[in-house]
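# Descriptive analysis of the structure
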Amino acid sequence: MSATGPLPSAHPGARRAEGPPVSAVLTPGRDPASPLGRRLIDDAFLDDPYPTYEALREAGPIHWSEEFFGGAWLLTRHDDVESMLRDARFSAQRTGGWVMNSGDGARAELQGFQRLFARAMLFRDAPDHQRLRRVLHAGFRPDVLQRLVPDVEALVDQLLDGIDADCGFDFMQRVARPLPARVIARMMGIECDDEARFITWSDDLAAFIGAPMPTLQQARRAQHSLLDMGRYFQSRLTRRAFSADDLVGRLAHAASDGSIEEGAELLAQCAMLLFAGHETTRNLLGNGLYHLLSRPGLWSDLQREPGRLTGAVRELLRFDSPVQYTGRRVAADLVLHGQPLRRGELVIGLIGAANRDPRRYDDPDRLDIARRAFAPLSFGSGPHVCIGAALTLIEAEVAFRHLLRRWPGLQLTQAQQKWNRNPLYRGLSVLCVHDNADVRRTH
Ligand code: HEM
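Residues numbered from 1 in each chain as written. Predicted model: local features only at pLDDT ≥ 70, side-chain atom pairs only at ≥ 80, totals over all residues.

### Some details on the overall build of the protein chain
Helices and strands together make up the secondary structure of the protein chain, namely 19 helices and ten strands. In terms of C-alpha radius of gyration, the protein chain reaches 22 Å, essentially the compact-globule figure of 22 Å for 443 residues. Its C-alpha atoms give the protein chain principal-axis dimensions of roughly 70 × 55 × 40 Å. Expressed as a percentage of the 443 residues in the protein chain, the buried residues total 44%. (Helix = DSSP H or I, 4+ residues; strand = E, 2+ residues; numbered from the N terminus. Rg over C-alpha atoms; globule rule 2.2 N^0.38 Å. Buried ≥ 20, exposed ≤ 12 C-beta atoms within 10 Å, placed from the backbone.)

Structural data, given as structure tokens:
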């Protein structure tokens, strides 16, 4: 915790106050003026949020902003974000207002969306969260992931085989988008011929989840995709189209022994798993490659010393996190840094700002692949810490290792990169690169 005032003590298992679901409690608004006297989320922020994060972080540890969901507290410092994620007085149940207040509030029409969305483990508190996490945990054990490595190697090879790097290619389209879709499909035991459909579902959900003020149209598209995912998985479950050790099989087994409820709860976990690894891993691959190629000499350094790749991926995660923030609802009134927070208010932990907090990291704006420091908050912390973290690290390391081996002369193609402008899932929509034959010849 920061020295300016720690969160009042609590442990992750603490009970929340009794009463209505926190997402249903209305609280009075706070000072509508922007904390920096200007809009936080503008085009410059969407291309490079780090100067704004720095200004916010140095202006104070907590700010009220109307630009996130009509009003939310922003936490900017590493210790505060980490503590919030570990503290049960901040509830993960936050989908009600989020879904139902999209656009001008088309409540009835979005009920189907809310019913399914709210059941995902990510948005549940203990004890339901622990029950669901226990079921899924077995599917992400280290031995299970180790067995998957040859499959990931083969999937990367397949994707790279089809590319003529001398002519240049869009890394996002050819590698970063399809790879996570194929890997999670393999883990879930579902066919890859539905890949384009998976990616569309994932894109629709990412646009909604990543919008600080979702429009009705974004909510409708996300609902359409989520319900479609639900039907897709229901049909597989009805036909028993899974095997015992794939993720869908594990969930089905848990439903048969009563650890998971049939219907919405089961389908919500399937949909969440299919979605959770796409946008995130895609952006680790894209942001990572972009930063490695942007710094002269780094690509060739890694070629000479591939053993440094593990540290490099960790540092890339810190430096430009694919997930820039996450939210919680205040479950019981509390005071933080002298600021009263009321039950039901939304708190956003700015992971991207926390990862560049100079109180935690020396020279935080420098990408240093040799950095030996605290793990970044990119995978979150506490009970909801990312269950797919190890899987993602495998995907990224395998992909970068193959790229380094095949294309020592890989370079950015000038002015052919475009940020996706999603403030939550920060990444590139276009990343054109090519293999420079002159560099290749010198190797
Ligand atoms: C670069 C890649 C990834 C990043 C940066 C990332 C980030 C995160 C973060 C920050 C959280 C915590 C959110 C919160 O506390 O509100 C989280 C949770 C989660 N992630 Fe990831 N993730 C990545 C990849 C994956 C993959 C590949 C999967 C699955 C295949 C996955 C599945 C999940 C699930 C299921 C949760 C919810 C865990 C829970 O509620 O207990 N993630 N992730």
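Moving on, there is more to tell.
### Section: the sheet that holds strand S10 (residues 428–435)
Read from one edge to the other, the open sheet built from three strands follows the order S4-S10-S9, with strand pairing classed as antiparallel. Edge positions in the sheet fall to strand S4 (169–170) and strand S9 (410–419), since each of these pairs with one other strand and no more. Here S9 pairs with S10 via six bridges, running antiparallel. Within the sheet, the bridge partner assigned to Gln417 lies in S10 and is Leu431. Set on the sheet, helix H14 (residues 278–294) makes contact with S9 and S10; between it and S10 the angle comes to about 45°. (Pairing = 2+ DSSP bridges. Contact = placed C-beta atoms within 7 Å. Axes fitted to C-alpha atoms, helices over the stretch in contact; angles between N-to-C directions.)

### Considering the confidence of the model for the protein chain
For the protein chain, the average pLDDT comes to 89, and 91% of its residues sit at 70 or higher. Note on residues 1–29: pLDDT is under 50 here. Beyond four places in sequence and across chains, it has 61 contacts. (pLDDT = per-residue confidence, 0-100.)

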